[in-house]
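One letter stands for each residue in the lines below.
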Amino acid sequence: MTDNIAAGSPVSDAPSSADGYVGDPAVRAEWDNRYADRQQLWSGEPNGALVAEVAGLTSGRVLDVGCGEGADAVWLARSGWDVTGLEVSGVALERAAGHARDAGVAVRWVHAALTEAALPPATFDLVSAQYPALLRTPDATAERALLAAVAPGGVLLFVHHAGMDSQQAHEGGFDPADYVWPSMVSALFNDDWEVEVDEQRPRVAPDGGAGAHHTDDLVLRARRLR
């Protein structure tokens, strides 16, 4: 892992202040508000698809995209991975850092949006995006950032809720057309990528936490060959 893992972005074992955030302030504020509304937003347990898909991998450098309150990051660190957690919400990162301290593990925290984080290319042996809220753009900026972060021989694991991509816009303002889904990521694969898993399966959901009502996952796992 390079010392300047996110040149131009705040990186530390403790989350930096909101003033150091790299990304859209409105997005940060939206997610800070969501986290601040609850003492704990998620279950505190690692995502089931992550646990299943990582089981056969050799631990190395991992980027946890949208790490939230840190359950996946802590689990990965306990499993021997060198973890960088990326998150837009400073509220979430404070909680994540506390959980890492309590668990006695070291995690690098990056307070930035994926598309603004200036991550060095081809660095991570695993890039994990578990149910990410990545905004869609005409030039597929987020999708390309995910692919660019994976090292040759490394794995991209992208998991999302099945069926959400085909839903209509909600009255509350959520429009699935605004976000990146697994099919949009796989559409960018070329001969440098080998798809290992691309399927819908029953979700192994932790008890409690937001999103627990979703029953099926879309799981995309691909290896970068070169």
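Heads up: the structure comes first, above all this text.
Because the structure is predicted, anything quoted here is derived from the model rather than measured.

The rules behind the values
- Residues numbered from 1 in each chain as written.
- Predicted model: local features only at pLDDT ≥ 70, side-chain atom pairs only at ≥ 80, totals over all residues.
- Heavy atoms only, no water.
- Helix = DSSP H or I, 4+ residues; strand = E, 2+ residues; numbered from the N terminus.
- Polar contact = N/O pair within 3.5 Å; in protein donor to acceptor, adjacent residues only side chain to side chain.
- Salt bridge = Lys/Arg side-chain N within 4 Å of Asp/Glu carboxyl O.
- Buried < 20%, exposed > 50% of the residue type's maximum accessible area, 1.4 Å probe, protein only.
- Axes fitted to C-alpha atoms, helices over the stretch in contact; angles between N-to-C directions.
- Parallel < 35°, antiparallel > 145°, perpendicular 65-115°, else oblique.
- Contact = heavy atoms within 4.5 Å.
- Nonpolar A, V, L, I, M, F, W, Y, C, P; charged D, E, K, R; others polar.
- Expected span 1.5 Å × (residues − 1).
- Arc of directions from axis to C-beta.

K.L.:
When you look at the side chain of His 111 in this model, what are you seeing that I'm missing?
P.N.:
Its location among the elements puts His 111 in strand 4 (residues 107-111). For His 111, the side chain forms a polar contact with the main-chain oxygen of Val 88, separated by 2.9 Å.

K.L.:
Any chance you could explain the pattern of salt bridges here in plain terms?
P.N.:
A side chain with one charge may pair with a side chain of the opposite charge, provided their charged atoms come close. In the structure shown here, the tally under the stated rule is ten salt bridges. Put simply, Arg 61 and Asp 125 hold a salt bridge, and the shortest N to O gap is 3.3 Å. Taken together, the residues span a long stretch of sequence, with Arg 61 in strand 2 (residues 61-65) and Asp 125 in strand 5 (residues 124-130) at a distance of 64 residues. Under the relative-accessibility criterion, Arg 61 is labelled partly exposed at 27%.

K.L.:
Quick question: what am I supposed to make of the packing of helix 1 (residues 25-36) against helix 4 (residues 90-103) here?
P.N.:
Any two packed helices are characterised by the angle at which their axes cross and by the distance between the axes. Running from amino to carboxyl end, helix 1 crosses helix 4 at an angle of 50 degrees, the nearest separation of the two axes being 7 Å. Between helix 1 and helix 4, the interaxial angle falls into the category oblique. Between helix 1 and helix 4, the contacting residues are Asp 32, Tyr 35 and Ala 36 on the first element and Gly 90, Val 91, Ala 92 and Arg 95 on the second. A per-class count over the contact of helix 1 with helix 4 returns four nonpolar, one polar and two charged.

K.L.:
Sorry, what's going on with helix 1 here?
P.N.:
Residues three or four positions apart in an α-helix share a direction because the helix packs 3.6 residues into each turn. Given a rise of 1.5 Å per residue, twelve residues ought to cover 16 Å, and the 16 Å separating the end C-alpha atoms of helix 1 matches this to within 8%. All of the buried residues in helix 1 are Trp 31, Asp 32 and Tyr 35. Down the axis of helix 1, the buried side of the element spans an arc of 105 degrees, and every buried residue falls inside it. The inward-facing, buried residues of helix 1 abut strand 3 (82-87) and helix 4. One side-chain oxygen at the N-terminal end of helix 1 lies 2.9 Å from the backbone nitrogen of Ala 26; it belongs to Asp 24.

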